[in-house]
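So you can see what is in the structure, the chains are spelled out below.
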Amino acid sequence: MSNLIFAGMDTVELAKKYGTPLYLMSEDLINDRCKEIRDDFLNKHPNTEAFYASKAFLTKEMARIIKREGLGMDVVSGGELYTALEVDFPMDRVIFHGNNKSIEEIEMAVKNDVGRIIVDNIGELDLVESAGYKYKKIVKILFRISPGVDSDTHKYIQTGQVDSKFGIPLNKKSIEKGMEKLSEMKNIQLLGFHSHIGSQLFDNQSHLKSIQIIVKLMKDVKDKFGFVTKELNTGGGYGIRYAGDENRRPLAYFTDEIVKEVEKSTKEYGLERPTITIEPGRWIVAEAGITLYTIGSIKEIEGVRTYVSVDGGMADNPRPSLYQAEYEAIVANKADKSPTEVATIAGKCCESGDILIWDLKIPQVEAGDILAVLATGAYNYSMASNYNKLPRPAVVMIRDGQDRLIVRRETYADLVKNQI
Ligand SMILES: Cc1ncc(COP(=O)(O)O)c(C=O)c1O
């Protein structure tokens, strides 16, 4: 029987060394994605920028990797910004997002000279202005627009539709109110617009439609306010292959068309071609990660279902419960054995909804076997919780066949250390 090899390493040996549940990340795969971004976007098209959407997976080590790979970073909270500061991430290469940024977070961002604040609503202008005034700085911003474009993905990860909690609604009144309010501000410089329409998208059409709408807006604000857009941030959202999905698209499937559409639309309106920015998250890290679990209880309900329970679940991977996300998995210590059974992989949280995978085809398993769930690099560790007081797993990064611990497994003591 042979063991599953991931990033050149024996996963069963790593499970023995670090315990389970265990997040394994391949730095080599992350580097490959960053290289594709440099080769097929940044170095291929002039006047382009790329920021890693750190919400997908963020540790200090990941911030160091992104810094080394020459990308910028998109952060959405004081905590993500703090992580970037901890590794001396160049602040002018950080953009700050969020639909409800607190004044403390905005001041933290302005004080540390983040490159851009992506203003999500008109009211936020007052907070940015007061922080700019307090720190005697001109704050560079983009307006996040909700273009009213539906995208073919799960409702909870759609963001560009009309009824969205994100962005300034695309109507005359809101935009004019925003531009007029801006003209009163002394500590803010608007550079352009942003829109992110959704996540886990396989089709580039909603991106292109959103661009057509935003470029029209650029035309309108130029005609009405004389404002020349310098930057257009098109967000992220590029899909990856989970169970049952199409294969991940090459980056250029999205970015070549995005650049073409921006250039075509701006030309049609006689506008300057702005800097074009992308913010991929999942596309960079998802397939670079797997999670190892130890199989525990096995229960057959005759004629109904066999439950195979593992030592993790929704606390380390909430996506199946939250989005009905589907994953593939392999029995790591029986990697060469063909499947003979169908089993449902249950998590150990006290929730019937804590099912990682329904009806997985696997070889016969027993307690102690190691199960590897694939493509868990994005929105797993970053969304993990301590539900049922489960300590969060360790994270191991692999590069050139070398493993290193980048996040220590939480202990029970960690769970109560802040309790009075
Ligand atoms: C503003 C913004 N940009 C980029 C992203 C990254 O999306 P993805 O990980 O799908 O590329 C998100 C994800 O939610 C987002 O909200």
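Everything that follows concerns the structure shown earlier in this document.
So, here is what we can say about the structure in this document. Keep in mind that what you see is a predicted model, and the values were worked out from it rather than measured.

A count of helices and strands for the protein chain gives twelve helices and 20 strands. Each principal axis of the C-alpha atoms in the protein chain carries an extent, and together these give about 70 × 50 × 40 Å. Within the protein chain, the proportion of its 420 residues that are buried is 55%. For the protein chain, the proportion of contacts with a sequence separation of at least 24, taken over those separated by at least 6, is 70%.

As a further point, take the nonpolar core. Counting 97 residues, the largest nonpolar core has Ile30, Ile117, Ile141, Phe143, Phe193 and Val285 as its most contacted members. The leading source of residues in this core is helix H8 (residues 205-225), at seven residues. Here Val285 is in contact with Met25, Ile30, Tyr52, Ala56, Phe57, Met62, Gly377 and Ala378, once residues within four sequence places are set aside. Of all hydrophobic cores here, the second largest spans 17 residues; its members include Leu14, Tyr18, Ile370 and Ala372.

Let's shift gears to the packing of aromatic side chains. Two descriptors summarise a pair of aromatic rings, namely the distance from one centre to the other and the angle between the planes of the rings. Using the criterion set out here, one finds seven aromatic pairs in the structure. Here the aromatic rings of Phe143 and Phe193 are separated by 6.5 Å at their centres, their planes lie at 40°, and the arrangement is tilted. Residue Phe143 is found in strand S8 (residues 139-146), and its partner Phe193 is found in strand S10 (residues 188-194); the two are separated by 50 residues along the sequence. Here Phe143 and Phe193 have matching classes, each one buried. Between Tyr238 and Phe254, the ring centres sit 4.5 Å apart and the planes meet at 20°, which makes this aromatic pair stacked. Linking Tyr238 in the loop between strand S11 (231-233) and helix H9 (251-268) with Phe254 in helix H9, this pair joins segments that are 16 residues apart in sequence. Side by side, Tyr238 and Phe254 carry an identical accessibility label, which is buried. Cluster of aromatic residues (ring-pair linked, three or more members): Tyr23, Phe57 and Tyr381. Above the ring of Phe51, the side-chain terminus of Arg93 is found at 5.4 Å from the ring centroid. The ring centre of Phe96 lies 5.8 Å from the NZ or CZ of Lys101, which sits over that ring.

Take the site of the ligand next. Around the ligand sit 15 residues, and of these Ser199, Gly237, Glu279, Arg282 and Tyr379 come closest. Gly281 places a main-chain nitrogen or oxygen 2.9 Å from an oxygen atom of the ligand. Summarising the interface, the protein chains cover 92% of the accessible area of the ligand, which totals 390 Å² for the free molecule. Within the shell around the ligand, the residues separate by chemical class into three nonpolar, seven polar and five charged.

A separate point is helix H6 (residues 124-134). All of the buried residues in H6 are Glu124, Leu125, Val128, Glu129, Ala131 and Gly132. Down the axis of H6, the smallest arc covering the buried residues is 165°, so these residues share one side. Where H6 is buried, its residues meet helix H5 (103-111), strand S7 (116-119), S8, helix H7 (172-183) and S10.

This next bit is on the packing of helix H4 (residues 78-86) against H5. Two elements in contact, H4 and H5, have axes whose closest approach is 10 Å; the angle formed by their N-to-C orientations is 25°. With respect to their mutual orientation, H4 and H5 come out roughly parallel. H5 is crossed by H4, and the crossing has left-handed handedness. Between H4 and H5, the residues in contact are Gly78, Leu81, Tyr82 and Leu85 and Glu105, Met108 and Ala109, respectively. By residue class, the composition of the contact of H4 with H5 is five nonpolar, one polar and one charged.

A cis amide bond links Thr20 to the next residue, Pro21, at an omega of -5°. Following the sequence through the fold, Pro21 ends up in the loop between helix H1 (11-18) and strand S3 (22-26). Phi angles above zero are rare outside glycine, and Asn388 is one such case at about 55°. Positionally, Asn388 belongs in the loop between strand S18 (370-374) and strand S19 (394-399). In the Ramachandran plot, Lys389 falls in the positive-phi region, its phi being about 50° despite a non-glycine side chain.

For side chains of opposite charge, pairing can occur when their charged atoms come near one another. One pass over the full model with this rule turns up 35 salt bridges. Across the pair Lys55 and Asp74 runs a salt bridge whose closest N-O atoms are separated by 3.1 Å. Here Lys55 is found in the loop between strand S4 (48-53) and helix H3 (60-68), whereas its partner Asp74 is found in strand S5 (residues 72-75), with 19 residues between them in sequence. Note that Asp113 is salt-bridged to Lys137, the shortest N-O span being 2.9 Å. With a gap of 24 residues between them, Asp113 in the loop between H5 and S7 and Lys137 in the loop between H6 and S8 connect regions that are remote in the sequence.

Alignment of strand S14 (residues 305-310) against strand S16 (residues 341-346), held across three bridges, turns out to be parallel. Looking at the pairing, Ser309 lines up with Ala346 of S16.

Thresholds, definitions, all that
- Residues numbered from 1 in each chain as written.
- Predicted model: local features only at pLDDT ≥ 70, side-chain atom pairs only at ≥ 80, totals over all residues.
- Heavy atoms only, no water.
- Helix = DSSP H or I, 4+ residues; strand = E, 2+ residues; numbered from the N terminus.
- Buried < 20%, exposed > 50% of the residue type's maximum accessible area, 1.4 Å probe, protein only.
- Contact = heavy atoms within 4.5 Å.
- Core = buried A, V, L, I, M, F, W, Y, C linked by side-chain atoms within 4.5 Å.
- Phe/Tyr/Trp six-rings, centres within 6.5 Å; stacked < 30°, edge-to-face > 60°.
- Lys NZ or Arg CZ within 6 Å of the ring centre and 35° of its normal.
- Near = heavy atom within 4 Å.
- Polar contact = N/O pair within 3.5 Å; in protein donor to acceptor, adjacent residues only side chain to side chain.
- Areas by Shrake-Rupley, 256 points an atom, 1.4 Å probe, with all protein chains shown as cover.
- Nonpolar A, V, L, I, M, F, W, Y, C, P; charged D, E, K, R; others polar.
- Arc of directions from axis to C-beta.
- Axes fitted to C-alpha atoms, helices over the stretch in contact; angles between N-to-C directions.
- Parallel < 35°, antiparallel > 145°, perpendicular 65-115°, else oblique.
- Left-handed = near helix turned anticlockwise from the far one by under 90°.
- Salt bridge = Lys/Arg side-chain N within 4 Å of Asp/Glu carboxyl O.
- Pairing = 2+ DSSP bridges.

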